[in-house]
Every structure is written in C-alpha cells, then in structure tokens.
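Next come the chains, spelled out residue by residue.
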Amino acid sequence: MQVIALTFIAVWCKILQNNIFCHRVAFVFATLGLRSCVIECFFNGYKDFMKLSNPFKKLNKFEWGLYITSLTVSVISFIVSGMQDYLTFVSSITGVTALIFVSKGMVIGQVLTMVFSLLYGVVSIYFKYYGEVITYLCMSMPMALVSVVSWIKHPYKDSHEVEVSKLTVKKLVVLSCFAIVVTVAFYYILEALGTTNVLVSTISVTTSFFAASLTFLRSPYYAIGYSANDIVLIVLWVLASIEQISYLPMVFCFVMFLANDLYGFYYWKEMQKRQKDGL
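Let me sum up the structure you'll find in this document. Please read these numbers as outputs of a predicted model, since none were measured by experiment. (Residues numbered from 1 in each chain as written. Predicted model: local features only at pLDDT ≥ 70, side-chain atom pairs only at ≥ 80, totals over all residues. Heavy atoms only, no water.)

1. Here's the deal with the overall build of the chain
Part 1 of the argument: A tally of helices and strands in the chain yields 11 helices and 0 strands.
Part 2 of the argument: The order of α-helices and β-strands along the chain, N terminus first, is α-α-α-α-α-α-α-α-α-α-α.
Part 3 of the argument: Classification of the 279 residues of the chain by burial places 53% in the buried group.
Part 4 of the argument: For the chain, long-range pairs separated by at least 24 residues make up 75% of all intrachain contacts whose partners lie at least 6 apart in sequence.
Part 5 of the argument: By element, 69% of the accessible surface of the chain is carried by carbon and sulfur atoms, the whole surface being about 13200 Å². (Helix = DSSP H or I, 4+ residues; strand = E, 2+ residues; numbered from the N terminus. Buried < 20%, exposed > 50% of the residue type's maximum accessible area, 1.4 Å probe, protein only. Contact = heavy atoms within 4.5 Å. Areas by Shrake-Rupley, 256 points an atom, 1.4 Å probe, with all protein chains shown as cover.)

Next up, the structure:
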C-alpha cells in the first residue's frame, strides 16, 4: 500500500519537474521510516504505477466531468495564487483524485486518502493549524488504513465496490458519545498549542471524527460527515488565504471536495439500494 501511495506522488513529481518539491516530499516520507519505499518509488514508481489495474476505467461520463472540473479548478487556483507552493497544489490534486474513487466505493480511494492526509498535515503545519495536523496525521490517515483493510474484507460480490453497511442506532449513539469526548479534549489541547482559529479547528476535528468513523463502518453517511467538514475547512482556509494567498488552492480544493462528497452520498445511496436488490 505504501508503494502505491508513494508511486502516485512520484508520478506528480515527474509531471511537475520540480526537484526541490520532490526532495521535500521524499524527506516527509523518509522521516516516517519509509526510506526504502521512497527509493523504490522514485526509481521504479512509474513502472509500478503502469502495472496497476486502471481504476479510471470505472468512471462514467458524469464522474469524468466532475473529476476534470475538480482538477481544472485546482490548477487555476494554483496559477492565480502565484504558483508559490507545490505541496499545497499536489495535496489538492491528490485529494480530489482520492474522493472520486471513494465515492465509487473503491479501495484505491482510501489508499490515496492516506497520501492526502499526510500531505495536508504537512501543509497545515506551516500555518499552525495544529487541529488539522493532529486530525489528519493521527486520525484520518490511520482510519484510512483501517478502512482499506475493512473494505478489502467486505467486497460486494466480485465487483470493485465495497459492500455497503447499515448504520444502526446503537452505532450512532456510540459514535456520538465518543465525538463529545473527542471535541472537548481537543478544544483544550488545541488551545494549549496556540492553534490559529481554535474554535473552527475544533469543529473540524469533530466532523472529521464522524466522517472517518462512518467511512470505516462503510456507511453512505460518511459523505455527510465529510461535507460538513468541507464547509468548516472552506472557512478555515479562507481565513488563512486572507493572510497568505498561496493557500488559496486549499479553499478551492475543499469547494471541490464538497461537490465530490455530495455526489458520493448520492452514489452510495444508489449503491446501497442496488446491493439490497441483489444487483
């Protein structure tokens, strides 16, 4: 899984032809103890990438349109912001790519979510959004890894789709109780760390907790959790962009995330209905 995720970044490094950026990404992964994967990825990444089954073949015309629009918006916002931060740009591109596959119930979407969580966590460090750092590096990334295992173990028949699970009242009550504890605890932690826009960051932690947990549980309502989180993060990065324009791509990134998550909820409900009918 690590090689797949790293290969995706290596391909983007090749496209961007930016050595400083490549070294920066390589350093991030290397510091997490993935040096051997980094070496393998940067020298053999494209070769390994081409051996993978092409998940893009599973996208329909609407999904292609949504994906291309998401990429276009990310590129335009990057250009408008002065092309100052390649890591922010690639984080945005990785995120929208992950979401289109998550909305299809495909495991590759969770693999890319791990990569996005790491990149986004690093971007958040620079603006002292410690809530985002902790949320994505300590919660979203591990939960995406656990979700990979869960989704692999629960495929729908022999298709590429994950089997949709029903969200029971018991599960929702347990999640809500944990969410209250997480919210209160993180508010004081983030306040102690001197987090920028601490209240908004705390709300982001709460919505992310619900979204990540519901993704693991294979519930269509994961998309509602992420949609709420997208709205919070749009506000968060608008505030950041006012101070530093290079963060503008993150604003448009989460605008497109919102569009993708809303589509994801629609698709998962249709998928749930289809699976219930045995189709």
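That shown, we press on.
2. Structural notes on the packing of aromatic side chains
Part 1 of the argument: Scanning all chains against the criterion turns up 22 aromatic pairs.
Part 2 of the argument: Taken together, a centroid distance of 5.4 Å and an interplanar angle of 75 degrees make the contact between Tyr120 and Phe254 edge-to-face. Residue Tyr120 is found in helix 6 (residues 107–126), and its partner Phe254 is found in helix 11 (residues 248–276); the two are separated by 134 residues along the sequence.
Part 3 of the argument: Overall, the relative accessible area of 0% leaves Phe254 in the buried class. (Phe/Tyr/Trp six-rings, centres within 6.5 Å; stacked < 30°, edge-to-face > 60°.)

3. What about the environment of Ser77?
Part 1 of the argument: Note on placement: Ser77 falls in helix 4 (residues 61–80).
Part 2 of the argument: What makes Ser77 buried here is its relative accessible area of 3%.
Part 3 of the argument: Once the C-alpha coordinates of Ser77 and Phe89 are considered, the two residues, 12 residues apart in sequence, prove to be 8.8 Å apart.
Part 4 of the argument: With near-sequence residues (within four places) excluded, Ser77 lies in contact with Leu248, Pro249 and Phe252.
Part 5 of the argument: A polar contact is formed between the side chain of Ser77 and the backbone oxygen of Ser74, at a distance of 2.9 Å. (Polar contact = N/O pair within 3.5 Å; in protein donor to acceptor, adjacent residues only side chain to side chain.)

4. Quick word on a nonpolar patch on the surface
Part 1 of the argument: Where nonpolar side chains cluster on the molecular surface, the patch consists of Val235, Val238, Leu239 and Ile242 and spans about 320 Å² of accessible area.
Part 2 of the argument: Note on placement: Val238 falls in helix 10 (residues 222–243).
Part 3 of the argument: Val238 sits in the partly exposed class, given a relative accessible area of 35%. (Patch = residues over 30% accessible without salt bridge, like charges linked within 9 Å, V, L, I, M, F, W, Y side chains within 5 Å. Salt bridge = Lys/Arg side-chain N within 4 Å of Asp/Glu carboxyl O.)

5. Regarding the pattern of salt bridges
Part 1 of the argument: Under the criterion given, the structure shown has 2 salt bridges.
Part 2 of the argument: The salt bridge involving Arg274 is made with Glu161; its shortest N-O contact spans 3.0 Å. In this pair, Arg274 sits in helix 11 while Glu161 sits in the loop between helix 7 (130–153) and helix 8 (169–192), placing the two residues 113 residues apart along the sequence.
Part 3 of the argument: Under the relative-accessibility criterion, Glu161 is labelled buried at 6%.

6. With respect to the environment of Val96
Part 1 of the argument: The topology assignment puts Val96 in helix 5 (residues 86–102).
Part 2 of the argument: The sequence separation of Val96 and Thr113 amounts to 17 residues, and the corresponding C-alpha distance is 9.4 Å.

7. Some remarks on unusual backbone geometry
Part 1 of the argument: Of note in this structure, Arg218 is not a glycine but carries a positive phi near 60 degrees.
Part 2 of the argument: Checked against the element boundaries, Arg218 lands in the loop between helix 9 (198–216) and helix 10.
Part 3 of the argument: For Arg218, a relative accessible area of 11% gives the class buried.

8. Considering empty space enclosed by the protein
Part 1 of the argument: Following the criterion strictly, the structure yields 1 cavity of 30 Å³ or more and no others.
Part 2 of the argument: Of the voids in this model, the largest cavity is the one considered here, and its volume is about 220 Å³.
Part 3 of the argument: Forming the boundary of the largest cavity are 23 residues, of which Leu99, Thr113, Phe116, Tyr136 and Tyr226 lie nearest the centre.
Part 4 of the argument: Those elements giving two or more residues to the lining of the largest cavity turn out to be helix 5, helix 6, helix 7, helix 9, helix 10 and helix 11.
Part 5 of the argument: When the residues that make up the lining of the largest cavity are grouped by side-chain class, the tally is 13 nonpolar, 8 polar and 2 charged. (1 Å grid on protein atoms, 1.4 Å probe; cavity = no way out; pocket = protein on both sides within 12 Å on 5 of 7 lines; lining within 4 Å. Points joined across faces, edges and corners; volume = space filled by probe spheres on them. Nonpolar A, V, L, I, M, F, W, Y, C, P; charged D, E, K, R; others polar.)

9. Side note on the packing of helix 6 against helix 7
Part 1 of the argument: Their axes nearest at 8 Å, the elements helix 6 and helix 7 cross at an angle of 170 degrees. Taken together, the axes of helix 6 and helix 7 are roughly antiparallel relative to one another. Here Val107, Gln110, Val111, Thr113, Met114, Phe116, Ser117, Leu118, Tyr120, Gly121, Ser124 and Ile125 of helix 6 come into contact with helix 7, specifically with Glu132, Val133, Tyr136, Leu137, Ser140, Met141, Ala144, Leu145, Ser147, Val148, Trp151 and Ile152.
Part 2 of the argument: Of the residues in the contact of helix 6 with helix 7, the class split is 16 nonpolar, 7 polar and 1 charged. (Axes fitted to C-alpha atoms, helices over the stretch in contact; angles between N-to-C directions. Parallel < 35°, antiparallel > 145°, perpendicular 65-115°, else oblique.)

10. Quick word on helix 7
Part 1 of the argument: Counted at 1.5 Å a residue, the expected span for helix 7 with its 24 residues is 34 Å, and the 33 Å between its end C-alpha atoms agrees.
Part 2 of the argument: Its maximal kink placed at Tyr136, helix 7 deviates by approximately 35 degrees. (Expected span 1.5 Å × (residues − 1). Bend = angle between axes of the 7 residues up to and from the residue.)

11. Observations regarding helix 9
Part 1 of the argument: For helix 9, spanning 19 residues, the distance from its first C-alpha to its last is 27 Å, which sits close to the expected 27 Å at 1.5 Å a residue.
Part 2 of the argument: Most of helix 9 is tucked away: 15 of the 19 residues are buried.
Part 3 of the argument: Immediately beyond the C-terminal end of helix 9, within one or two residues, lies Arg218, with a positive phi of roughly 60 degrees.

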